[in-house]
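# Architecture at a glance
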Amino acid sequence: MTGQHHVNRVVDEAVLIALAQQKRVFKITGTGSPVDIIAGDNVGPTIVVAIRSKVPINNAHAVMEAYADRIAALTETGIGTPCNRELWITSRPHGWVWYEVVRGNLVRMDAPFSPQIRYCWNGSFIPRSADHPIRMTAAPEQETGVANAPVNTP
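So, here is what we can say about the structure in this document. (Residues numbered from 1 in each chain as written. Predicted model: local features only at pLDDT ≥ 70, side-chain atom pairs only at ≥ 80, totals over all residues. Heavy atoms only, no water.)

## Comments concerning unusual backbone geometry
What counts, and what does not: Here a strand is any run of E in DSSP of at least two residues, a helix any run of H or I of at least four, and the numbering for each starts at the N terminus. Working definition: with a 1.4 Å probe on protein chains only, accessible area under 20% of the residue-type maximum means buried, over 50% means exposed, and in between means partly exposed.
Despite not being glycine, Q22 shows a phi value in the positive range, around 60°. You can see Q22 is positioned in the loop between α1 (9-20) and β1 (24-27). Given the relative accessible area of 71%, Q22 is considered exposed. Positive phi, normally seen in glycine, also occurs at F113, with a value near 65°. On the secondary structure map, F113 appears in the loop between β6 (105-109) and β7 (117-119).

Have a look at this one:
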């Protein structure tokens, strides 16, 4: 039994994840739309496709092979609009995995809404900062200068 009344539970889970990230969320319920969610914050909009995979998919190459048509449709959506495109995929063995979708490529993200570049409402962009949890420097910038460099004695 399928139709408009049929619940897409993976999209509902994705909406809850977006709400937990404190985003404004619009769930797309129309049939034939390549986008499931449009999320926005003070930086800019993000369009999201959420997929539940029946087979274990744990790398970008396998995702590109299995869902090339959905990825192509997502990259063609919102052309000319400064927005990020993300593919969220979940499978039983791997849980949720997030990918940034760029033309012809997927980039794995550490968490939802953490792409390499955030496109802003005004058309500009913000590169991911140095304060990203994985790329955080060990010491503040003022402490990483020449004064703290190791002394190489002959």
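That covers the picture; the talk isn't over yet.
## A look at the sheet that holds strand β5 (residues 95-102)
Under the convention used in this document: Note: two strands are recorded as paired if DSSP finds a minimum of 2 bridges between them. In this analysis, axes come from line fits to C-alpha atoms, helices being fitted only over the stretch in contact, and the angle between any two N-to-C directions falls in the range 0 to 180 degrees. Two residues qualify as a contact provided that any one of their heavy atoms is within 4.5 Å of a heavy atom in the partner residue.
The strand order across the open sheet formed by 6 strands is β1-β2-β3-β4-β5-β6, and the pairing between neighbours is mixed. The outermost strands of the open sheet, each flanked by one partner alone, are β1 and β6. If you compare each strand with its neighbour and ignore which way they point, the axes differ by 30° on average. Pairing between strand β3 (residues 45-52) and strand β4 (residues 84-91): 7 bridges, direction parallel. Directly across from V48, in β4, lies its bridge partner E86. In the packing of helix α3 (residues 68-76) onto the sheet, the strands contacted are β3, β4, β5 and β6, and the crossing angle to β3 comes to about 170°.

## A closer look at the pattern of salt bridges
Heads up, the rule is: Salt bridge criterion: a side-chain nitrogen from Lys or Arg within 4 Å of a carboxyl oxygen from Asp or Glu.
For the structure shown, the criterion picks out 5 salt bridges. Where R70 meets D36, a salt bridge forms, and the shortest distance between an N and an O atom there is 3.3 Å. One end of the pair, R70, is in helix α3; the other, D36, is in the loop between β1 and β2 (37-40), with 34 residues separating them in the sequence. The partly exposed category is assigned to R70, whose relative accessible area is 30%. Residues joined by salt bridges that share partners form a network here, namely K23, D41 and R118.

## Considerations on the nonpolar core
Selection rule: To define a nonpolar core, start from buried Ala, Val, Leu, Ile, Met, Phe, Trp, Tyr and Cys residues and group those joined through side-chain atoms within 4.5 Å.
Core analysis: the biggest nonpolar cluster contains 16 residues, and V63, L87, I89 and Y99 have the highest contact counts within it. Mapped by element, the contributors of at least two residues to this core are β3, α3, β4 and β5. Those residues in contact with I89 that sit more than four places away from it in its chain are I51, S53, I57, V63, Y67, G95, W96, V97 and Y99. If you look at the next biggest cluster of nonpolar residues, it comprises 15 residues, including I37, A39, W88 and W96.

## Points about the pairing of β4
Among the 8 residues that make up β4, 8 are buried, leaving the element largely enclosed by the rest of the structure. Here β4 shows a buried face lined by N84, E86, W88 and T90 and a second buried face lined by R85, L87, I89 and S91. Here 6 bridges tie β4 to β5, and the two strands are oriented antiparallel to one another. Bridging across to β5, I89 finds its partner in V97. Counted along the chain from β4 to the antiparallel partner β5, the turn is 3 residues long.

Shape is all these values report; function is a separate question.
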